[in-house]
Amino acid sequence: MSKTIIISNRLPLQISIEDGKLEVTPSVGGLATGLKSFHKDGDSVWIGWPGLTEEEIPENLKEDVQKKAREENCVAVHLTSDEIDGFYYGFSNRTIWPLFHYFMEYTESDDEYWKSYQQVNQKYADEILKHYEEGDVIWVHDYQLLLVPNMIREQRPEAVIGFFNHIPFPSYEVFRTLPWRDEVLKGVLGADLIGFHTYDYERHFLSSVSRILRHQVDFNEITLPDRIVKVDSFPMGIDYKKFEQAALDHFESTAADQSELQKRLDHHLEATPDAKMILSIDRLDYTKGIAHRIRAYEYFLDKNPQHIEKVRLVMLAVPSRSNVPQYRRLKREIDELVGRINGKFSTVSWTPIWYFYRSMPFNNLIDLYTTCDIALLTPIRDGMNLVAKEYIATRTNHTGVLILSEMAGAAHEMNEALIINPNNFEQVSEALKTAFEMPKEEQIERNKMLQKRLRRYSVDKWANDFMKSLRATRENRDSFKSI
Ligand code: ADP
Ligand code: G6P
């Protein structure tokens, strides 16, 4: 029977070693959390990296890693520490990630990183070929594996290959600065269908293909000498029912089941019943606008001293890519900002920011989503931002206000949120005021509309739409041959 082979750099399971034993935790990040439910329900095998370097896994545990992966229909690809340095921390996260998010000043061009990127992409392609059988569908994910589609195509010209980019695709003027732009585009064009979260990213990609490689582009189809490649936008959704159900269960749980975090949140609510809680959740990444958010919050408190002691920003930042210097610098900057603002405004009974720098289990995420009155998400650039969607899905009584940056892919589908430009502190501050004053009826009306849309465009629909469109490309290919 044919299957789907999913391939992404990171597996949905993260393996670590505690006291000589393997620990498995879920991976953080939109790709892993989103795609997990499609993988769970379907007939697929998922190939990727389990999060430890080859050197970090003792010989006697290597087979156990594979076993843990197999239990979840996954295949672990082992990467050496050199490969992680060159491919992951290097080309993926010091070249492509900053460039595609318009951080050109952070973008490094290093031949060694590029070589490693090519080698590791080949390693992934080889792993796919080991599992591939005729009739299978191959679905490659994200910016770490841009060369994989063509590497497979060269070996298996008949294969049906899809590629989905989970981050923005930048405008031609930015993309053209990449020294390896031709190779990257040719790599992706090995796919039959290329998907993006938004129409803008799709247009940017098509424009780069036509101007750099000079291929003929008609609407959303690219004509290659032997094939047609289709490009389309598929905004990724969430597992709506999972978040909704988790929130319902949360409200039904007894006091004894409550987490320590929930107890602390409730304690705060009881002490200051008319106070508001603002939530933000992100990986600690410079694209997420965390420092902008804190500064905008400071601006808000300066301008609106009547809110002192009446508001709290609960900020959860998950450690990410800490071997890249910009991430380390950002961590220091945020520590300093939080310290300065807490020092500036705190009173004996109140601190304006609660800052958590760690990953949290799912039930704590639900505690935060369901308890906070406002979600403030201010990315400077973000392919999608699933946190915005998850927050809305957990608001089962339909109250709550989402303030969302217009730079997030999710903003295109979430017009009923308060949409802001994260660089404009005055606007963010005004949005906070509007959120505080928004009547319950208006919150309910806005959220009901958002929920209706999110429920319909769930992650299953996203994956099924992509798969349907990908399978259709096979038929088009047959008709192309017969012309
Ligand atoms: P990105 O993919 O850039 O990290 P998204 O907002 O699209 O951003 O996705 C982040 C995902 O990671 C969400 O599904 C969210 O639930 C999950 N997540 C974020 N923070 C945590 C955390 N502390 N613990 C567990 N999962 C988290
Ligand atoms: C984003 C990317 C994913 C990546 C995730 C976490 O969501 O689109 O490809 O897996 O961030 O980043 P990491 O570098 O930890 O895998």
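Residues numbered from 1 in each chain as written. Chains lettered and ligands numbered in written order. Predicted model: local features only at pLDDT ≥ 70, side-chain atom pairs only at ≥ 80, totals over all residues. Heavy atoms only, no water.

Asks: Would you mind showing me how to read the environment of E416 here?
Replies: Tracing the sequence through the fold places E416 in the loop between β16 (401-405) and β17 (418-420). Since its relative accessible area comes to 14%, E416 is described here as buried. Look past the residues within four positions of E416 in its chain and what remains in contact with it is R446, M449, L450 and R453. (Helix = DSSP H or I, 4+ residues; strand = E, 2+ residues; numbered from the N terminus. Buried < 20%, exposed > 50% of the residue type's maximum accessible area, 1.4 Å probe, protein only. Contact = heavy atoms within 4.5 Å.)

Asks: Would you explain the layout of surface pockets in this entry?
Replies: Which parts of space are left empty comes out when a probe the size of a water molecule is rolled across the atoms. Taken as a whole, the second largest pocket holds about 350 Å³ of empty space. Lining the second largest pocket are 22 residues, and of these K276, D373, R395, T399 and K440 lie nearest its centre. Of the residues assigned to the lining of the second largest pocket, the class counts are nine nonpolar, eight polar and five charged. (1 Å grid on protein atoms, 1.4 Å probe; cavity = no way out; pocket = protein on both sides within 12 Å on 5 of 7 lines; lining within 4 Å. Points joined across faces, edges and corners; volume = space filled by probe spheres on them. Nonpolar A, V, L, I, M, F, W, Y, C, P; charged D, E, K, R; others polar.)

Asks: Would you explain the pairing of strand β2 (residues 13-18) in this entry?
Replies: Both faces of the sheet carry side chains from a regular strand, because those side chains alternate between them. Alignment of β2 against strand β3 (residues 21-26), held across six bridges, turns out to be antiparallel. Across the sheet, L13 pairs through a bridge with P26, a residue of β3. (Pairing = 2+ DSSP bridges.)

Asks: Would you mind showing me how to read the site of ligand 2 here?
Replies: If you check the shell around ligand 2, you find R10, V28, G30, L31, Y88, D142, Y143, Q144, H166, I167, R283 and R321 and nothing else. Between ligand 2 and Y88 there is a distance of 2.5 Å, counted from an oxygen atom to a side-chain nitrogen or oxygen. Between ligand 2 and D142, the relevant distance is 2.5 Å, taken from an oxygen atom to a side-chain nitrogen or oxygen of the residue. Expressed as a share of its isolated accessible area of 380 Å², the protein-covered part of ligand 2 is 90%. When the residues that make up the shell around ligand 2 are grouped by side-chain class, the tally is five nonpolar, three polar and four charged. (Near = heavy atom within 4 Å. Polar contact = N/O pair within 3.5 Å; in protein donor to acceptor, adjacent residues only side chain to side chain. Areas by Shrake-Rupley, 256 points an atom, 1.4 Å probe, with all protein chains shown as cover.)

Asks: How should helix α11 (residues 290-303) be read in this particular structure?
Replies: Owing to its 3.6 residues per turn, the α-helix brings residues three or four apart onto one side. In a regular helix each residue adds 1.5 Å, so 14 residues correspond to 20 Å; α11 covers 20 Å between its end C-alpha atoms and thus fits that length. Within the span of α11, buried status applies to I290, A291, R293, I294, A296, Y297, E298, F300 and L301. Of the surrounding secondary structure, the elements contacted by the buried residues of α11 are β12 (276-283), β13 (311-318), α12 (325-345), β14 (353-357), β15 (374-377) and α15 (425-437). (Expected span 1.5 Å × (residues − 1).)

Asks: I'm lost on the pattern of salt bridges in this one. Help?
Replies: Two side chains with opposite charge may pair up if their charged atoms get near one another. Counted according to the given criterion, the structure contains 29 salt bridges. In this structure, R70 engages E63 in a salt bridge whose closest nitrogen and oxygen atoms are separated by 3.0 Å. Under the relative-accessibility criterion, R70 is labelled partly exposed at 47%. Looking at E63, the relative accessible area reads 47%, which means it is partly exposed. The residue R227 makes a salt bridge to D226 at a minimum N-O spacing of 3.9 Å. Overall, R227 belongs to the buried group, its relative accessible area being 6%. What emerges from the salt-bridge pattern is a single network uniting R153, D192, D226 and R227. (Salt bridge = Lys/Arg side-chain N within 4 Å of Asp/Glu carboxyl O.)

Asks: Where do I start with the site of ligand 1 in this structure?
Replies: Residues in close proximity to ligand 1 total 17 residues, the closest being G30, T33, R283, K288 and E390. At 3.1 Å from an oxygen atom of ligand 1 is found a main-chain nitrogen or oxygen belonging to G29. Take G30: an N or O atom from its main chain is 2.6 Å from an oxygen atom of ligand 1. Notes on ligand 1: free accessible area 570 Å², of which the protein chains cover 90%. Only α1 (30-41), β12, β13 and α14 (386-393) provide two or more residues apiece to the shell around ligand 1. Top element by residues in the shell around ligand 1 is α14. It accounts for three residues.

Asks: For this particular structure, what's the right way to read the nonpolar core?
Replies: The tendency in soluble globular proteins is for nonpolar side chains to be buried side by side. Formed by 99 residues in total, the largest nonpolar core has its most connected members in Y124, I194 and F205. The element best represented in this core is helix α3 (residues 81-100), accounting for nine residues. Not counting chain neighbours up to four residues away, the residues in contact with Y124 comprise I7, S8, N9, G48, W49, V77, L79, F87, L145 and V148. Of all hydrophobic cores here, the second largest spans 66 residues; its members include I15, V137, L386 and L402. (Core = buried A, V, L, I, M, F, W, Y, C linked by side-chain atoms within 4.5 Å.)

Asks: Just checking my understanding: could you explain the confidence of the model for the protein chain for this structure?
Replies: Where the model shows low pLDDT, its predicted coordinates should not be examined in detail. Here the protein chain averages 95 in pLDDT, while 99% of its residues score no lower than 70. Among the prediction metrics, the complex's ipTM stands at 0.98, with pTM recorded as 0.96. (pLDDT = per-residue confidence, 0-100.)

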